[in-house]
Amino acid sequence: MLLQLLTALAALAGAACSLLAESSGAGAASGILPFTAGGFIYLGTVSVIPEILRNSGPAQALLQLLALLSGLAMMLLIAHYE
């Protein structure tokens, strides 16, 4: 429970830093937001891909992997056209 609390506090601190950087100018936000997005993508893939491969058959694993990649592609498109 202590580690969950620590994780939640770190997420709150990260959100506060992001909001403060956004108000200080576009240069600061353009450096922090890709780093944050990359962290979320890394954590998502590190925790999701082993579970996919362990708990499902090859066809289901392929479908789930394609869904994960399509989600990443959607984020890229949103970032590009925003």
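Residues numbered from 1 in each chain as written. Predicted model: local features only at pLDDT ≥ 70, side-chain atom pairs only at ≥ 80, totals over all residues. Heavy atoms only, no water.

**Looking at the overall build of the protein chain**
What counts, and what does not: Numbered from the N terminus, helices here are DSSP runs of H or I no shorter than four residues, and strands are runs of E no shorter than two. Under the scheme applied here, a residue whose accessible area is under 20% of the maximum for its type counts as buried, over 50% as exposed, and between as partly exposed, the area being computed with a 1.4 Å probe on protein chains only. Residue burial considers only the protein chains on display, and all accessible areas are found by Shrake-Rupley using a 1.4 Å probe.
Of regular secondary structure, the protein chain possesses three helices and zero strands. Its helices and strands in sequence order give the protein chain the pattern α-α-α, from N to C terminus. When the 82 residues of the protein chain are sorted by exposure, 6% land in the buried category. Of the roughly 6700 Å² that the protein chain leaves accessible, carbon and sulfur atoms contribute 77%.

**What to know about the layout of surface pockets**
This is how it is decided: Using only the protein atoms, space was sampled on a 1 Å grid; points where a 1.4 Å probe fits but cannot get out form cavities, open sets with protein on both sides within 12 Å along at least five of seven lines form pockets, and lining residues are those with an atom within 4 Å of a point. Grid points are joined across faces, edges and corners, and a volume is the space filled by probe spheres set on the points. Gly counts as polar in this scheme, as do all residues outside two lists: the nonpolar Ala, Val, Leu, Ile, Met, Phe, Trp, Tyr, Cys and Pro, and the charged Asp, Glu, Lys and Arg.
Considered as a void within the structure, the second largest pocket measures approximately 220 Å³ in volume. Ala 11, Gly 14, Ala 15, Thr 36 and Phe 40 are, among the ten residues lining the second largest pocket, the residues nearest its centre. Secondary structure elements with two or more residues in the lining of the second largest pocket: helix H1 (2-24) and helix H2 (26-55). Looking at side-chain class alone, the lining of the second largest pocket contains six nonpolar, four polar and no charged residues.

**What about the confidence of the model for the protein chain?**
The condition is simple: Per residue, pLDDT measures the predictor's confidence, with a range of 0 to 100.
In this model, the protein chain carries a mean pLDDT of 79, and residues with pLDDT of at least 70 account for 88%. Considering each helix and strand of the protein chain separately, the mean pLDDT is smallest for H2, with a value of 74, and largest for helix H3 (residues 58-81), with 84.

**A short note on the UniProt feature "transmembrane region" (unreviewed entry) in the protein chain**
Heads up, the rule is: UniProt positions are given in the numbering used here, feature names are shortened, and annotations may be inferred rather than shown by experiment.
UniProt records the feature "transmembrane region" (unreviewed entry) for residues 31-49 and 61-81 in the present numbering. End-to-end, the C-alpha atoms of residues 61-81 are 30 Å apart, and along that stretch the chain is 100% helix and 0% strand.

**Digging into the UniProt feature "signal peptide" (unreviewed entry) in the protein chain**
As annotated in UniProt, the feature "signal peptide" (unreviewed entry) corresponds to residues 1-17 in the numbering used here. From the first C-alpha to the last, residues 1-17 spans 24 Å; its make-up is 94% helix and 0% strand.

**Quick word on a nonpolar patch on the surface**
We count it as follows: Each patch is assembled from residues with relative accessible area greater than 30% and no salt bridge, linking like charges that lie within 9 Å and nonpolar side chains (Val, Leu, Ile, Met, Phe, Trp, Tyr) that lie within 5 Å. Put simply, a salt bridge is a Lys or Arg side-chain nitrogen that is within 4 Å of an Asp or Glu carboxyl oxygen.
Side chains of Leu 62, Leu 63, Leu 65, Leu 66 and Leu 69 sit close together on the surface and give an oily, nonpolar patch of about 470 Å² of accessible area. Note that Leu 62 resides in helix H3.

**Things to note about the environment of Ser 18**
Turning to its location among the elements, Ser 18 is positioned in helix H1. With a relative accessible area of 18%, Ser 18 lands in the buried category. Spatially, the C-alpha atoms of Ser 18 and Leu 33 are 7.3 Å apart, while their sequence positions differ by 15 residues.

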